[in-house]
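# Commentary on secondary and tertiary structure
If you want the building blocks of each chain, they are given just below.
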Amino acid sequence: MKLQEIGTIEEINTLAEGMLDFRLRLPKIAALARPGQFLHILCGDHTLRRPISICDCDPEKGIVRMVFEIRGEGTAWLADRKTGDSLDVLGPIGHGFDLLPEELSAAGHSKPFEYPVFIGGGIGVPPLLYAARLMKNPITILGFRNRERVILADEFARLGETLVTTEDGSAGIKGFVTAPLEEWIKAGKADILYACGPTPMLKSIQKLARAYRIPCQLSLEQRMACGVGACLGCACKTHKQGKEQYSHVCKEGPVFWSEEVCFDE
Ligand SMILES: Cc1cc2nc3c(=O)[nH]c(=O)nc-3n(C[C@H](O)[C@H](O)[C@H](O)COP(=O)(O)OP(=O)(O)OC[C@H]3O[C@@H](n4cnc5c(N)ncnc54)[C@H](O)[C@@H]3O)c2cc1C
Ligand code: FES
């Protein structure tokens, strides 16, 4: 179920240059939100809302947190908002991560998982925080371009073991998230993967999950228009029940089981 709610911006923090962290008072949406779902936000007089993931949520306080990067006109408008301003929000939208035993068993995984590993890349990191917070002993691997782009690593580290990689080696391990991930898998310390980030990273994680036969969920970032399953603007090729088909990322996703996703080669 999704709602339209007028939220108030309670707090704004800057996490890195051009990357903002908003805490929004949205009690009705907070009561329903699941990790991996997103908000669809009206940005000034732009007709199309902008999708931004739920980074964290406190249903008791009625607060939903989102972290976004300024990319174009809509996110620049958002970045100009001030504490106390109102936002018109639709949410929570989409199918989030399957985390609870009943969600996992509906997807055919009845045995409990001991070692959930969360893998985030760049602006794909924020949507994993709420999911990791709800798990026991999450392990997290976060990848960034360089140390100036590192966000939220301290918050993940408070939840469980956290590794940071940067492409230039200016923070953490030099290279991509996939190298430490493969080591964790080989050490038997990864039995389910949850990933969000750029498509090349998701493709590599899909390959690892397939090679080592580990269940894996991928959160896809697709350009969107209506955000509510009405326009096919967010179609992506998937493989379900033995057939290739197009799925709506805004409705059946943004999170899919990795074996369902058909990336273009
Ligand atoms: C499910 C989902 C969750 C997302 N979560 C986050 C998040 O947590 N933090 C964050 O910084 N960004 C997130 N994004 C990307 C964010 O939606 C885009 O950066 C934003 O829409 C860009 O809008 P703009 O007006 O600033 O840019 P413009 O390029 O001016 O946007 C023009 C149009 O293209 C669409 N668009 C452009 N880029 C994207 C994109 N990457 N994905 C979807 N639509 C796009 C916009 O909605 C708009 O309709 C998410 C995208 C999706 C699909
Ligand atoms: S964005 Fe319109 S169907 Fe998904």
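Right above here is the structure, for reference.
None of the values given here were measured: they were computed from a predicted structure.

Quick look at the packing of aromatic side chains now. Tallying each qualifying case throughout the model produces 3 aromatic pairs. On the basis of an interplanar angle of 85° and a centroid distance of 5.7 Å, the ring pair of Phe97 and Tyr194 is categorised as edge-to-face. A residue pair is termed long-range when its members are at least 10 positions apart, and Phe97 in the loop between strand S7 (86-93) and helix H3 (101-106) and Tyr194 in strand S12 (residues 192-196) qualify at 97 residues. Residues Phe97 and Tyr194 agree in their burial class; the two are buried. Consider the rings of Phe118 and Tyr194, whose centres lie 4.9 Å apart with planes at 10°: the pair is stacked. Pair noted here: Phe118 is in strand S8 (residues 116-121) and Tyr194 is in strand S12, with a separation of 76 residues, a long-range link. The exposure class of Tyr194 is buried, given its relative accessible area of 0%. An aromatic cluster of three or more residues is present, and its members are Phe97, Phe118 and Tyr194.

Let us look at the site of ligand 1. For ligand 1, the set of nearby residues contains 21 residues, the closest of which are Arg50, Pro51, Gly74, Thr75 and Glu221. Take Gly74: an N or O atom from its main chain is 2.7 Å from an oxygen atom of ligand 1. Here an oxygen atom of ligand 1 and a side-chain polar atom of Thr75 are 2.4 Å apart. Protein chains bury 87% of the 820 Å² of accessible surface belonging to ligand 1 in isolation. Taken together, the elements giving at least two residues each to the shell around ligand 1 come down to strand S4 (50-53), strand S6 (63-69) and helix H2 (73-79). The class makeup of the residues in the shell around ligand 1 is 9 nonpolar, 5 polar and 7 charged. Residue assignment places the shell around ligand 1 across two domains, with domain 1 (3-93) and domain 2 (101-260) each supplying three or more.

On the basis of which strands lie adjacent, the open sheet formed by 7 strands has the order S4-S3-S7-S1-S2-S6-S5 and antiparallel pairing. Edge positions in the open sheet fall to S4 and strand S5 (56-58), since each of these has one partner strand only. Put simply, the sheet's adjacent strands are angled 35° from each other on average, direction ignored. For strand S1 (residues 3-16) and strand S2 (residues 19-25), the ladder comprises 7 bridges, and the chain directions are antiparallel. Each bridged residue has a counterpart across the sheet, and for Ala16 the counterpart in S2 is Met19.

Across soluble globular proteins, nonpolar side chains show a tendency to be buried alongside one another. Membership of the largest hydrophobic core comes to 31 residues, with the highest contact counts inside it found for Val117, Ile119, Leu181, Leu193, Ile205, Leu218 and Leu220. At the level of secondary structure, the elements contributing two or more residues to this core comprise S7, S8, strand S9 (139-144), helix H6 (178-186), S12, helix H7 (199-211) and strand S13 (216-219). The leading source of residues in this core is H7, at 5 residues. Formed jointly, this core draws a minimum of three residues from each of two domains, domain 1 (3-93) and domain 2 (101-260). In this structure, Leu218 is in contact with Ala195, Leu202, Ile205, Gln206, Pro254, Val255, Phe256, Ser258, Val261 and Phe263, ignoring residues within four places of it in sequence. If you look at the next biggest cluster of nonpolar residues, it comprises 28 residues, including Ala16, Phe97, Phe144 and Trp257.

Criteria and thresholds
- Residues numbered from 1 in each chain as written.
- Chains lettered and ligands numbered in written order.
- Predicted model: local features only at pLDDT ≥ 70, side-chain atom pairs only at ≥ 80, totals over all residues.
- Heavy atoms only, no water.
- Phe/Tyr/Trp six-rings, centres within 6.5 Å; stacked < 30°, edge-to-face > 60°.
- Helix = DSSP H or I, 4+ residues; strand = E, 2+ residues; numbered from the N terminus.
- Buried < 20%, exposed > 50% of the residue type's maximum accessible area, 1.4 Å probe, protein only.
- Near = heavy atom within 4 Å.
- Polar contact = N/O pair within 3.5 Å; in protein donor to acceptor, adjacent residues only side chain to side chain.
- Areas by Shrake-Rupley, 256 points an atom, 1.4 Å probe, with all protein chains shown as cover.
- Nonpolar A, V, L, I, M, F, W, Y, C, P; charged D, E, K, R; others polar.
- Domains from an automatic or database assignment.
- Pairing = 2+ DSSP bridges.
- Axes fitted to C-alpha atoms, helices over the stretch in contact; angles between N-to-C directions.
- Core = buried A, V, L, I, M, F, W, Y, C linked by side-chain atoms within 4.5 Å.
- Contact = heavy atoms within 4.5 Å.

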